[in-house]
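Topology and contacts: notes
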Amino acid sequence: MKKITKVVIPAAGLGTRFLPATKAQPKEMLPVVDKPTIQYLIEEAAAAGVHDVLIITSRNKRAIEDHFDRSVELELLLQEKHKDDTLEQVRAISDMANIFYIRQKQALGLGHAILCAKEFIGDEPFAVMLGDDIVHSQTPCLKQMIDCYETYGGSVIGGQSVPWDEVSRYGIIAGQDVADNVKRVTRLVEKPAREEAPSNLAVLGRYVLDGGIFPLLEQTKPGKGGEIQLTDALDELARRQSVYALNFEGRHYDIGNKLGFLQATVEYALRDEQVSQAFRRYLTDILEQEIKK
Ligand code: UTP
């Protein structure tokens, strides 16, 4: 079985659900407490032992490249001010992984963004982490995905159960159970109406894919919203090869919409050593005032 050494992070979308914040700023750079979202992803990849990272970017996304580059001026300034801890933190960001970039020239959908990685990946299995999905978990989510791939082989789709009245917002998985938290996938449906959904297990931002996905993506016609949907190609892949779905452990946040971003901000702040106590007090006060209203 081939080892997973590369991860693709598609980050070229327009972020229309979070306008105007994303007009000139990539949503993948929106900070959750004090770290841009995409840094959480790269830390998770590194913790899972995957160090070659390809970020799919586009116009208006330069801040991502700048963030993972050295910042010589800033480093000099911190050195002069003897802010050693901060200096170390800033340097660590550029040493976190081997990061490569490819531009998606037009936002033609997630499937198309992944297709841009074809030459970089070649014929190997690889991981995918969506640029706006972060997961807080005991075992890094990507590690859980890779463990599942190493147990069952094939491709693995990461997911979790969502409330039934929300299934129409997600790609939904149909399949047979092979373990407590693993299904063998038979079919995938992109954003089904509640009555058409085969289950409430939703696809959530993490994948391990076989190289066989690329020819399928090339044949995939634009689907919902005129975009080339990864879900359509995965549905086809599941008809031809083994595809598993892992119901991963952890708290998942979609920071690409306002509510998801706010939930991530509050919950990460409550876990942050520096601010958690004061923030907890503040939230309690606010809540008491709200209840009195
Ligand atoms: P989303 O559908 O959440 O991103 O894609 P979006 O299209 O930017 O969002 P909205 O709906 O307009 O608000 C999930 C991930 O795939 C990337 C996005 O950047 C995001 O990280 N993506 C999406 C691409 O790289 N290219 C695309 O054409 C579409």
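Look up a bit, the structure's there.
Every residue gets a number counted from 1 within its own chain, in the order that chain's sequence is written. Two thresholds apply to this predicted model, a pLDDT of at least 70 for residue-level local features and 80 or more for giving and counting side-chain atom pairs, whereas whole-chain, interface and lining totals are computed over all residues. Note that water and hydrogens are dropped before the side-chain values are worked out from all heavy atoms of the structure.

Here we look at the packing of helix H10 (residues 258-271) against helix H11 (residues 276-292)
It is the contact of H10 with H11, at a shortest axis distance of 7 Å, that shows an interaxial angle of 130 degrees. Considering the angle they form, H10 stands oblique to H11. Note on element contacts: H11 touches H10 through Ser-276, Phe-279, Arg-280 and Leu-283, opposite Val-266, Ala-269 and Leu-270. Grouping the amino acids of the contact of H10 with H11 by side-chain chemistry returns five nonpolar, one polar and one charged. Note on geometry: axes are C-alpha line fits, over the in-contact stretch for helices, and angles between N-to-C directions span 0 to 180 degrees. Put simply, DSSP marks the helices as runs of H or I at least four residues long and the strands as runs of E at least two long, and each gets a number from the N terminus on. In what follows, roughly perpendicular refers to angles from 65 to 115 degrees, roughly parallel to angles under 35, roughly antiparallel to angles over 145, and oblique to any angle outside these ranges. Here, residues are in contact when the closest pair of their heavy atoms is within 4.5 Å. Under the scheme applied, nonpolar residues are Ala, Val, Leu, Ile, Met, Phe, Trp, Tyr, Cys and Pro; charged residues are Asp, Glu, Lys and Arg; polar residues are all the others, including Gly.

What to know about the site of the ligand
Whether a residue is near a molecule or strand depends on its heavy atoms: if one lies within 4 Å, it is near. Around the ligand sit 19 residues in total, of which Thr-16, Arg-17, Glu-28, Gln-104 and Gly-109 are the nearest. Nitrogen and oxygen atoms within 3.5 Å of one another constitute a polar contact, given that in protein one can donate a hydrogen and the other can accept it, and given that sequence-neighbouring residues count only through two side-chain atoms. Measuring from an oxygen atom of the ligand, one finds a backbone N or O atom of Gly-13 at 2.8 Å. Gly-131 places a main-chain nitrogen or oxygen 3.2 Å from an oxygen atom of the ligand. For the ligand, whose unbound accessible area comes to 570 Å², protein coverage reaches 86%. In terms of residue class, the shell around the ligand is built from nine nonpolar, six polar and four charged. Using a 1.4 Å probe, the Shrake-Rupley method yields the accessible areas, and only the shown protein chains count as cover for residues.

A word on the packing of aromatic side chains
The pairing test for Phe, Tyr and Trp rings, Trp by its six-membered ring, is centres within 6.5 Å, and the orientation test on the planes gives stacked under 30 degrees, edge-to-face over 60, and tilted for anything in between. Under the criterion given, the structure shown has seven aromatic pairs. Centre to centre, the rings of Tyr-40 and Tyr-268 are 5.0 Å apart; their planes meet at 65 degrees, and the pair counts as edge-to-face. Separated by 228 residues along the polypeptide, Tyr-40 in helix H1 (residues 37-47) and Tyr-268 in helix H10 bring together distant segments of the chain. For the residue pair Tyr-40 and Tyr-268, the accessibility class agrees, reading buried in each case. Pairing Phe-100 with Phe-120 gives two aromatic rings, centres 5.2 Å apart and planes at 55 degrees, and the pair type is tilted. Remark: Phe-120 occurs in helix H6 (residues 118-121) and Phe-100 occurs in strand E5 (residues 98-103); sequence separation between them is 20 residues. Partly exposed residues are those whose accessible area sits between 20% and 50% of the maximum for their type, while under 20% is buried and over 50% is exposed, using a 1.4 Å probe and protein chains only. Classification of Phe-100 by relative accessible area gives partly exposed; the value is 37%. Each member of the aromatic cluster is reached from another via a ring pair, and the members are Tyr-40, Tyr-253 and Tyr-268. Directly above the aromatic system of Tyr-268 lies the positively charged group of Arg-271, at a separation of 4.8 Å from the ring centroid. Both a distance and an angle decide whether a charge sits over a ring: NZ of Lys or CZ of Arg must be within 6 Å of the ring centre and within 35 degrees of the ring normal.

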